[in-house]
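So the chains spell out like this:
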Amino acid sequence: MHHPGDGFYVVITGANSGLGLGIGCRLIDEFLQTRPLSESLVLIITTRDRRKGDATIVQLKKHLAEACRRSEKTLPRSSPLNERRVQFRNEILDLTSLISVQELSKRLRDTTPKLDVVICNAGIGGWEDMYWGRAVWSILTDWRNAVTWPTFKKSRVGWLTKPQIPNSEQGKKVEEPALGRVFCANLFGHYLLGHYLGPLLERRNASSSTRGRLIWVSSVEAYAHTFDINDMQGLASTAPYESTKRQTDLMGITSVLPSTAPLVNQYLDRPKDADDFTKPRIYVAHPGICGTGIFPMNFVFDFLMLFAFYMARWMGSPWHPVTAYKGAVAMVWLALAKQSLLDTMEAQEGVGKWGSATDWWGRERVERTEVEGWGWGGKLGESTRRKGRSPYAKALTEESRREFVETGRKCWEEMERLRVEWEGKLEQAGVGVRME
Ligand SMILES: NC(=O)c1ccc[n+]([C@@H]2O[C@H](COP(=O)([O-])OP(=O)(O)OC[C@H]3O[C@@H](n4cnc5c(N)ncnc54)[C@H](OP(=O)(O)O)[C@@H]3O)[C@@H](O)[C@H]2O)c1
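Since the structure is predicted, the reported quantities are computational estimates derived from the model, not experimental observations.

The rules behind the values
- All residue numbers here refer to positions counted from 1 along the written sequence of the relevant chain.
- Reporting of local features is limited, given that this is a predicted model, to residues whose pLDDT is at least 70; pairs of side-chain atoms are given and counted only at 80 or more, and all residues count toward the totals for whole chains, interfaces and linings.
- Side-chain measures here rest on the full set of heavy atoms in the structure, leaving out hydrogens and waters.
- We define the bend at each residue as the angle formed by axes fitted to the 7 residues ending at it and the 7 residues starting at it.
- What counts as a helix is a DSSP run of H or I of at least four residues, what counts as a strand is a run of E of at least two, and both are numbered from the N terminus.
- A simple rule labels every residue: compare its accessible area, found with a 1.4 Å probe on the protein chains alone, to the largest value its type can have, and call it buried under 20%, exposed over 50%, or partly exposed in between.
- Within 3.5 Å is the distance limit for a polar contact, defined as a pair of N or O atoms, with the added protein rule that one can donate a hydrogen and the other accept it, and that residues adjacent in sequence qualify only through two side-chain atoms.
- Contact criterion: two residues are considered in contact whenever any of their non-hydrogen atoms come within 4.5 Å of each other.
- Residues enter patches when they are more than 30% accessible in relative terms and free of salt bridges; like-charged ones are connected within 9 Å and nonpolar ones (Val, Leu, Ile, Met, Phe, Trp, Tyr) within 5 Å.
- In this description, accessible areas are obtained by the Shrake-Rupley approach with a 1.4 Å probe, and a residue is regarded as covered only by the protein chains that are shown.
- Salt bridges are identified by distance alone: a Lys or Arg side-chain nitrogen within 4 Å of an Asp or Glu carboxyl oxygen.
- For this purpose, a residue is taken to be near a molecule or strand whenever a single non-hydrogen atom of the residue falls within 4 Å of it.
- The residue classification treats Ala, Val, Leu, Ile, Met, Phe, Trp, Tyr, Cys and Pro as nonpolar and Asp, Glu, Lys and Arg as charged. All others, Gly included, are polar.
- Centres within 6.5 Å are what make two rings of Phe, Tyr or Trp a pair, Trp counting through its six-membered ring; a difference in plane orientation under 30 degrees is then read as stacked, over 60 as edge-to-face, and the rest as tilted.
- For a Lys NZ or an Arg CZ to count as sitting over a ring, it must be within 6 Å of the ring centre and within 35 degrees of the ring normal.
- Put simply, a nonpolar core is a bunch of buried Ala, Val, Leu, Ile, Met, Phe, Trp, Tyr and Cys residues held in one set by side-chain atoms that sit within 4.5 Å of each other.
- Any two strands are treated as partners once DSSP identifies two or more bridges connecting them.
- Interaxial angle, 0 to 180 degrees, is taken between N-to-C directions of lines fitted to C-alpha atoms, where a helix line uses only the stretch in contact.

Largest kink in helix H6 (residues 181–201): about 40°, centred on Leu-187. Burial runs high along H6: 20 of the 21 residues are buried.

If you want it as structure tokens, here you go:
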């Protein structure tokens, strides 16, 4: 007999296209292949409107049917059972609307017994054009690096979200501060979501064999120089996208350190008697580089982009999975891996950033990725003779590590301050959603 809490509950944001869809498909495949027949998957997908959500469910169901048909070959008559093992839920979320984040969170808290994994995938680039001359020149002279760590994307500067507080009928006028659009879509919206869903990720047992997991999606392009703690939202930045990804690395990795523990406990809304529970974990992943619609281009340039990505792989780049399905490998692995495996790997080599990589043939795997100021696992003296290092990478020093940890803590402080400030504003205006 199935108990409603027995399923494996996963939320994927931005599931309608690119990597989000790839993660959904791959998760279905790997779940069916690796978990016992008695376990079922509840896949909660979010998109920005009902139409996109419906279309996504249609695609995922089609993918499931094909996966089941394939499984018949090894396990005859397993198809109907396997199809029943995956259930879908269709939810709406606009990450640039804090009210939308609150509404979805409330709905999930009211209707879901628990969550196992939340994959914070949705995001925007905020780019408006390319520096074409630089693009052609850098690709022709330094192909592999130019399409891994490009220097030719032109970003819109100072892009803001729409006002968060609608003109209220009750006439309560509340001044609201500027909110950076790329910052809100990529980081702050997900940050709030994780805060409200924290209690669903908490395990009501101090020695649970798994932890609820928040998976933050970063990028290989998370350069330290693009992030300025004094302009955390990247409002004045010419690289707001990269800035959000750097902050994702800083906060995700430092989230397990003692220096941030009080802030992270507050963020995760942990119960007072927290010792009786198992704390959720934040993991940082990235998909390598994939040909998705995140940089909108026309048909011809899309084709050239894919060509450039495959060439980079054949020139030795490990960071070009190219297809979204392959790019999803790191996120799906983090979602399904045994807790004991993740814990052992971290105990041996430190906390890391987990990326999707491939070999020359395109066979995908998960690979630790270097982070400026942290290295691969936060350990001084790690070997730097690894593939896929950025041309700008510097060896880890005690000083750069200290700076990384300290900036991470400051980010946690600032993000908690910003969260509380916005919650207060929404409440004051009478539009905030109460979670209880
Ligand atoms: N593609 C790459 O090579 C690459 C590399 C590194 C990291 N990443 C990261 O991977 C993630 C997915 O990117 P992608 O390449 O798959 O891009 P994509 O195809 O453009 O997909 C982005 C998804 O996010 C959704 N989204 C955008 N703004 C949103 C908002 N305000 N609220 C809710 N959802 C929103 C989009 O919905 P709509 O369809 O409604 O716009 C779409 O579902 C991003 O975090 C990105 O930074 C991608």
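Bringing the side chain of Arg-270 into the picture now. With respect to the helices and strands, the residue Arg-270 is situated in the loop between helix H8 (261–267) and strand E8 (281–286). On the basis of relative accessibility, which here comes to 16%, the residue Arg-270 falls in the buried class. A distance of 2.5 Å separates polar atoms of two side chains, one belonging to Arg-270 and the other to Glu-202. Sequence-distant contacts of Arg-270, that is, excluding residues within four places in its chain, are made with Glu-202, Asn-265, Phe-277, Thr-278, Lys-279 and Pro-280.

The next point concerns a nonpolar patch on the surface. A surface patch of nonpolar side chains, amounting to about 670 Å² of accessible area, comprises Trp-132, Phe-299, Val-300, Phe-301, Phe-303 and Leu-304. Looking at where Val-300 falls in the secondary structure, it is placed in helix H9 (residues 299–314).

So, on to the site of the ligand. The local shell around the ligand holds 27 residues, among which Asn-16, Arg-48, Lys-52, Tyr-241 and Thr-292 are the closest. Measuring from an oxygen atom of the ligand, one finds a backbone N or O atom of Leu-19 at 2.7 Å. One of the side-chain nitrogen or oxygen atoms of Arg-48 is found 2.5 Å away from an oxygen atom of the ligand. Those elements that provide at least two residues to the shell around the ligand are helix H1 (18–34) and helix H7 (240–254). A class-by-class count of the residues in the shell around the ligand yields 11 nonpolar, 12 polar and four charged.

As a further point, take the pattern of salt bridges. Following the criterion strictly, the structure yields 27 salt bridges and no others. A salt bridge links Arg-281 to Glu-346; its shortest N-O distance comes to 2.8 Å. Here the residue Arg-281 occupies a position in strand E8, and Glu-346 occupies one in helix H12 (residues 339–349), the gap between them amounting to 65 residues. Considered together, Arg-281 and Glu-346 belong to a single accessibility category, that of buried residues. Note that Glu-427 and Arg-434 form a salt bridge whose closest N and O atoms lie 2.7 Å from each other. One continuous salt-bridge network, built from bridges that share partners, spans Arg-26, Glu-30 and Glu-364.

On to the packing of aromatic side chains. All told, the structure shown has 17 aromatic pairs when counted by the stated rule. Seen in terms of ring centroids, Tyr-310 and Trp-314 are 5.7 Å apart; in terms of plane orientation they differ by 25°. Their pairing is stacked. Of this pair, Tyr-310 and Trp-314 are both found in helix H9, four residues apart, which corresponds to roughly one turn of the helix. Owing to a relative accessible area of 26%, Tyr-310 belongs among the partly exposed residues under this scheme. Classification of Trp-314 by relative accessible area gives partly exposed; the value is 42%. The rings of Phe-183, Phe-188, Tyr-191, Trp-216, Tyr-267 and Trp-412 are connected pair by pair, giving a single aromatic cluster. The lysine or arginine in question, Arg-134, covers the ring of Tyr-131, its NZ or CZ lying 4.7 Å from the ring centre. In this structure, Arg-181 is placed above the aromatic ring of Trp-159, and the distance from its NZ or CZ to the ring centre is 4.9 Å.

Our focus in this paragraph is the nonpolar core. In terms of nonpolar packing, the biggest core is built from 57 residues, with Leu-115, Val-118, Phe-188, Leu-214 and Trp-412 touching the most fellow members. For this core, the element with the most residues is H6, which contributes 11 residues. Apart from residues no more than four positions distant in its own chain, Trp-412 is found in contact with Tyr-191, Trp-216, Met-251, Thr-254, Ser-255, Thr-260, Leu-263, Val-264, Tyr-267 and Ile-282. Leu-43, Val-86, Val-117 and Tyr-283 belong to the second-largest nonpolar core, a separate cluster that totals 38 residues.

This part takes up the pairing of strand E10 (residues 364–369). With six bridges connecting them, strand E9 (residues 353–358) and E10 associate as antiparallel partners. Directly across from Lys-353, in E10, lies its bridge partner Thr-369. Linking E9 to E10, which pair antiparallel, is a turn of five residues; within it Gly-362 sits at a positive phi near 90°.

What follows covers the sheet that holds E8. The sheet built from eight strands is open, its strands ordered E3-E2-E1-E4-E7-E8-E9-E10 with mixed pairing. At either end of the open sheet lies a strand with only one pairing partner, and these are strand E3 (86–92) and E10. Looking at each pair of strands side by side, their axes are set apart by 25° on average, direction ignored. Where H12 meets the sheet, its contacts fall on strand E7 (213–217), E8, E9 and E10, and the angle it forms with E8 comes to roughly 80°.

Time to look at the environment of Ile-44. For Ile-44, the position within the fold is in strand E2 (residues 41–47). Judged by its relative accessible area of 0%, Ile-44 is buried. For Ile-44 and Ala-15, which are 29 residues apart along the polypeptide, the C-alpha to C-alpha distance reads 9.3 Å.

So, about the side chain of Lys-153. With respect to the helices and strands, the residue Lys-153 is situated in strand E6 (residues 153–155). Lys-153 gets classed as buried once you look at its relative accessible area, which sits at 16%. Of the polar contacts made by the side chain of Lys-153, one reaches the side chain of Glu-221; its length is 2.9 Å. Apart from the residues within four sequence positions on either side, Lys-153 is in contact with Trp-127, Asp-129, Tyr-131, Glu-221, Glu-242 and Phe-295.

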